[in-house]
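Analysis of the macromolecular model
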Protein chains: 2
Amino acid sequence: MTSADERTGPRAAAETGIDPRTAEPIGEPVPLSAPGEAEAAAQAAARAAPALDRAGRAFRAGLLRAAGEALEARRAEIVRTADGETALGADRLGGELTRTVHQARHFAEVLEEGSYLEAAIDRAGGTPLGPGPDLRRMLVPIGPVAVFGAANFPLAFSVPGGDTVSALAAGCPVVVKAHESHPGTSRLAFEALAGAAERAGAPEGVLGLVHGREAGAALVADPRIRAVGFTGSAAGGRALMDIAAARPDPVPFYGELSGINPVVVTEGAARARAAGIAAGVLASVTGSGGQLCTKPGLVFVPSGPAGDALVEAVREGFAGAGEAVLLNAGVRASYLAAAERLAGLPGVRVLAAGRDGRGAEGFRAGPRLLSVPAGRFGAEAAEECFGPLTVLVRYAGAEELAAALDRVPGSLAAALHCDGETEAEAAAELAGMLRERAGRVVFGGFPTGVRVSWAQTHGGPWPSASAPYSSVGASAIRRFLRPVTWQDAPQWALPAELRDGPAGVPRRVDGRLEPA
Amino acid sequence: MTSADERTGPRAAAETGIDPRTAEPIGEPVPLSAPGEAEAAAQAAARAAPALDRAGRAFRAGLLRAAGEALEARRAEIVRTADGETALGADRLGGELTRTVHQARHFAEVLEEGSYLEAAIDRAGGTPLGPGPDLRRMLVPIGPVAVFGAANFPLAFSVPGGDTVSALAAGCPVVVKAHESHPGTSRLAFEALAGAAERAGAPEGVLGLVHGREAGAALVADPRIRAVGFTGSAAGGRALMDIAAARPDPVPFYGELSGINPVVVTEGAARARAAGIAAGVLASVTGSGGQLCTKPGLVFVPSGPAGDALVEAVREGFAGAGEAVLLNAGVRASYLAAAERLAGLPGVRVLAAGRDGRGAEGFRAGPRLLSVPAGRFGAEAAEECFGPLTVLVRYAGAEELAAALDRVPGSLAAALHCDGETEAEAAAELAGMLRERAGRVVFGGFPTGVRVSWAQTHGGPWPSASAPYSSVGASAIRRFLRPVTWQDAPQWALPAELRDGPAGVPRRVDGRLEPA
């Protein structure tokens, strides 16, 4: 609209990577998608959808393996580019690429195993209401999917990430909205995937890429897009979720939005393992600059001498920790503002605060360790601060701890350090409370570190996720499928997996689960 | 708001059943829920939730069976009351009660079998990223659920219906918003269920009932309600869905909203089985007064002599069909308005129209048979008309049929009548097109009639349903669950189904599906 343009002035026509270590531009500018480009990508995806579905599970498994190989083949270039744009470091990014390739291969295995189809056959027969028809059910692709890349995982949750490969596995073409923080990495990864798709003979339009927020919003509103996968901030996610919900035809929005990820340390654990827990807290809070959605933002520590000793050990660690280089100027500004806001809350004390660098030195910021008594801990102190900061909540007894946990919002993960021998009953109750507040409960460890496997859950109650599904692990594929039942269908009308005789996938027949 | 009250006048303080055969009040007035009653019911549900979860699968299976027995024990009274409030007839309502009891028992079997938990264990071990932790995943209850009863199924989709029993099976307390068309039936069914719950020792608050639209809207907005199940009109459903989506903490809204449910008849089928198909169309369109969400609202018939003969046979059936007694004054008014609107669309002809009664004779209306050439068939003719009306769409050739099907919105079900021998290729293509537009594809039959079993799907693309899930059949339980993963958990912290050793439920261990 003209009036809006007049207010906001001309928009940038391109996005350019910025080296977080220097705050200087890096790499070539990547043009923002022109108006209509998102719609064209969605249209191409819609055209590709039937062929990608028909191509079958074996084809898609091959496509995912080829995508993994194509990423491996450009490993050095991808890691170097991603490090330039994110400053996450070659080790972390090399590991992230390994994980990304593993994710693609894992979904190839999920396809080959076939349980994800939830195939079921109810043979014709008597029911309490008379003769029943033959019913055969399985999941089919939901249609083209929009995926939003995340700033903090330029690979594993971006163009070649879990949302993309789980949607492709499901048989859904994908249009990715690249994160503006790493346009060069996005381009490289897209080239690798698109090349693999072309060589595999995948239908044209199976993978698209757009740049810019306007293109992203247009994707979510596009009638051809049938579901959205998003990893990012609660505010950005909510805005897109609202677009998805307001469509004439609302579509599922699978957002992974935030995580305060509480860690609870009991008296017994503080007494027995203070040094190890302190080291774990430091590593979990400061790893990757604290820019992980599973970073523990709250650590509940008992009052009294054992807790005091643990707090002192954590404080020493934070005091000795170096600056982090954060992902971009916005992350750094939000981090410093949140840190200041938290430090100003009633009852909050700053136990350690590193120096924060200056703009000329890139997006540097020091880690922060805060502390608050449980009696003064409120919802404001439980708001996520993205970056290397955590708040220690000092509690006196089970009741105060329970009351404080009641004020903690939903999280991706939570962790419990306890002494199962001497604290069995209290520990079981705490484990139950954490289960209510998280999608994953870690025992004797820390929320950071997310294994990619069959039994993983990366999701949790609002505001950590927008829907009761996981974006990591085998079950992530369910987000991009919908059920269909064929009634009294002749063999020719059925998908191969539902025909008579051996089907190569586990099926439920008349209620009884039969292995492949 | 005062101004709104001034505009609309004082609200009814009670809802009273109306006998559709006479338009006269029937039964005692049931007071509308006072302000705060919905919130109190949600609070009681939230208090009951942990105990209902802890009680375990065997307890809940017993509860569901007891609920079925309690309904059976009051069969005569329930059927008589429901017939008085709906005029659906004792046969249909007796069958509906049988189905409702069967649904409850089916979910008892689903609980006992245990696959619905999606239990999975990834043992600790090497991964491409180094040592991986022990992960154990299963689904847990999502929390209190609000259920909205439907006018057209006073039992099977109302207080004791599929949403209620699937949510209770999942371990979620339920607060039902009774449909205003059958308050007496709702009360009776609630008493039966609540009595069974009390005798079984279920926690207080496990089942609640509210009356009135304001109480319903308050439920959807209540922070303790974690998911909503709805069966009803697209407009009513959309309004509630928008409330759920606009919450500070949006919750899943599982709405079953509408169905145009296209039936396609090919040239070969029209030639071979005109009489049977005509009888089926008549029965499927007029059964239960056409007030089924799976009623076929569009029947695609080829042009030419075979199609003409089929149309004539359908027309004769409609011309001889008696009036229906519709559920309430609103349904009758909407039906007559929609019938008039459809009859006025360009190219539409009225082939048969019964008399519509008058108010004094209750909510009577005659069936309608309309016809339109495929070339003039547009989206307006594909809008659901709830009641005994269908539109025959006459098509000349595959291309015209495909173009017309492209204008048909998502449906709960679709049906194909073809000659698999001589039309194999065309029929396969049609079956594929119908699969894109429906949650169930029926071959050689009609969309009405929904078997309650493991492989059923009752749901489909928007606007037939608001989410890619089924509200009928075993998988309906998934709507009221969320995944949790326990990481490196000691045995005492795990649910029974995830502990070492035999668990009594199928589990996926290191990716391999193991029977119970």
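Structure shown above.
The paragraphs below set out a description of the structure included in this document.

Quick notes on the rules
Per chain, the residues get numbers from 1 upward, laid out in the order the sequence is written. Here the convention is simple: chains get letters from A, ligands get numbers from 1, in the order in which they are written. Local features are withheld for residues below a pLDDT of 70 in this predicted model, meaning they are given only at 70 or higher, and side-chain atom pairs are given and counted only at 80 or more; totals for whole chains, interfaces and linings count all residues. Calculated side-chain values reflect all of the structure's heavy atoms, with hydrogen atoms and water omitted. Per the convention used, a helix needs a DSSP run of H or I reaching at least four residues, while a strand needs a run of E reaching at least two, with both numbered from the N terminus. Should any heavy atoms of two residues lie within 4.5 Å, those residues are considered in contact. In this scheme Phe, Tyr and Trp rings, the latter by its six-membered ring, pair at centre separations within 6.5 Å, and the angle between planes marks the pair as stacked below 30 degrees, edge-to-face above 60, and tilted otherwise. Relative accessible area decides the class of each residue, using a 1.4 Å probe on protein chains only: under 20% of the type maximum gives buried, over 50% gives exposed, and in between gives partly exposed. Strand pairing is defined by DSSP finding a minimum of two bridges between the two strands. Interaxial angles span 0 to 180 degrees and are taken between N-to-C directions of axes, which are lines fitted to C-alpha atoms, for helices over the stretch in contact. C-alpha atoms of residues with pLDDT of at least 70 in both copies form the basis for the least-squares superposition of the copies. Note on terms: buried area is the combined drop in 1.4 Å-probe accessible area of two parts once they are placed together, counting the loss on both. Just to be clear on terms, a salt bridge is a Lys or Arg side-chain nitrogen sitting within 4 Å of an Asp or Glu carboxyl oxygen. Within 3.5 Å is the distance limit for a polar contact, defined as a pair of N or O atoms, with the added protein rule that one can donate a hydrogen and the other accept it, and that residues adjacent in sequence qualify only through two side-chain atoms. Amino acids outside the nonpolar list (Ala, Val, Leu, Ile, Met, Phe, Trp, Tyr, Cys, Pro) and the charged list (Asp, Glu, Lys, Arg) are all regarded as polar, and Gly is one of them.

Here we come to the side chain of Ser453(B). Along the chain, Ser453(B) falls in the loop between β20 (440–443) and β21 (481–487). Apart from the residues lying within four places of it in its own chain, the contact partners of Ser453(B) are Asp122(A), Leu135(A), His106(B), Gly473(B) and Ala474(B).

As a further point, take the packing of aromatic side chains. The description of an aromatic ring pair rests on the distance of the ring centres and on the angle between the ring planes. This structure, assessed with the given rule, holds 15 aromatic pairs over all chains. Look at Phe148(A) and Phe230(A): their rings are 5.9 Å apart centre to centre, the planes differ by 55 degrees, and that puts the pair in the tilted class. With a gap of 82 residues between them, Phe148(A) in strand β7 (residues 145–148) and Phe230(A) in strand β10 (residues 227–231) connect regions that are remote in the sequence. Its relative accessible area of 5% is what places Phe148(A) among the buried residues. On the basis of relative accessible area, Phe230(A) is assigned to the buried category, the value being 8%. Centre to centre, the rings of Tyr254(B) and Tyr469(B) are 5.8 Å apart; their planes meet at 85 degrees, and the pair counts as edge-to-face.

Next up on the list: the sheet that holds β10(A). Residues and elements named next belong to chain A. Reading across from one edge, β9-β8-β7-β10-β11 is the order of the 5 strands in this open sheet, with parallel pairing throughout. Taken across any chain shown, the strands that pair with only one partner, and hence form the sheet edges, are β9 (207–211) and β11 (253–256). Taking each pair of neighbouring strands and ignoring which way they run, the sheet shows an average axis angle of 15 degrees. Relative to β11, β10 runs parallel, the two sharing 4 bridges. Within the sheet, the bridge partner assigned to Thr 231 lies in β11 and is Glu 256.

Looking now at the environment of Glu340(B). Residue and element names in this part refer to chain B. Within the fold, Glu 340 resides in helix α11 (residues 329–343). A relative accessible area of 64% places Glu 340 in the exposed class. Considering only alpha carbons, one finds Glu 340 and Val 350, 10 residues apart in sequence, at a separation of 9.9 Å.

Copy one and copy two of the chain differ by a rotation about a common axis and a shift along it. The transformation that overlays chain A on chain B combines an axial shift of 0.0 Å with a rotation of 180 degrees, and the residual RMSD is 0.0 Å. Read as a symmetry element, the transformation amounts to a two-fold axis. The rotation axis passes nearest to the C-alpha of Ala245(A) in chain A, at a distance of 3.3 Å. Interface overlap between copies: 98% of the residues of chain A at the interface are likewise at the interface in chain B, consistent with a symmetric, same-surface contact.

Each partner contributes residues to the interface: chain A has 81 residues there, and chain B has 79 residues. Of the roughly 6100 Å² buried where chain A meets chain B, counting both sides, 58% is carbon and sulfur surface. Contact with chain B buries surface across chain A, with Arg435(A), Arg451(A) and Trp492(A) losing the most and accounting together for 12% of the total. Between chain A and chain B we count 4 salt bridges in total. Note that Arg508(B) and Glu113(A) form a salt bridge whose closest N and O atoms lie 3.1 Å from each other. Remark: the boundary between chain A and chain B carries 48 residue pairs in polar contact (both at pLDDT 80 or more). Sorting the residues of the side of chain A that touches chain B by element identifies α4 (90–113), β3 (120–122), β4 (125–127), β6 (135–141), α8 (234–246), α13 (424–437), β20 (440–443) and β21 (481–487) of chain A as the ones contributing at least two each. When residues of the side of chain A that touches chain B are assigned to their parent elements, the largest contribution, 7 residues, is made by β21(A). Within the side of chain A that touches chain B, the residues separate by chemical class into 42 nonpolar, 18 polar and 21 charged.

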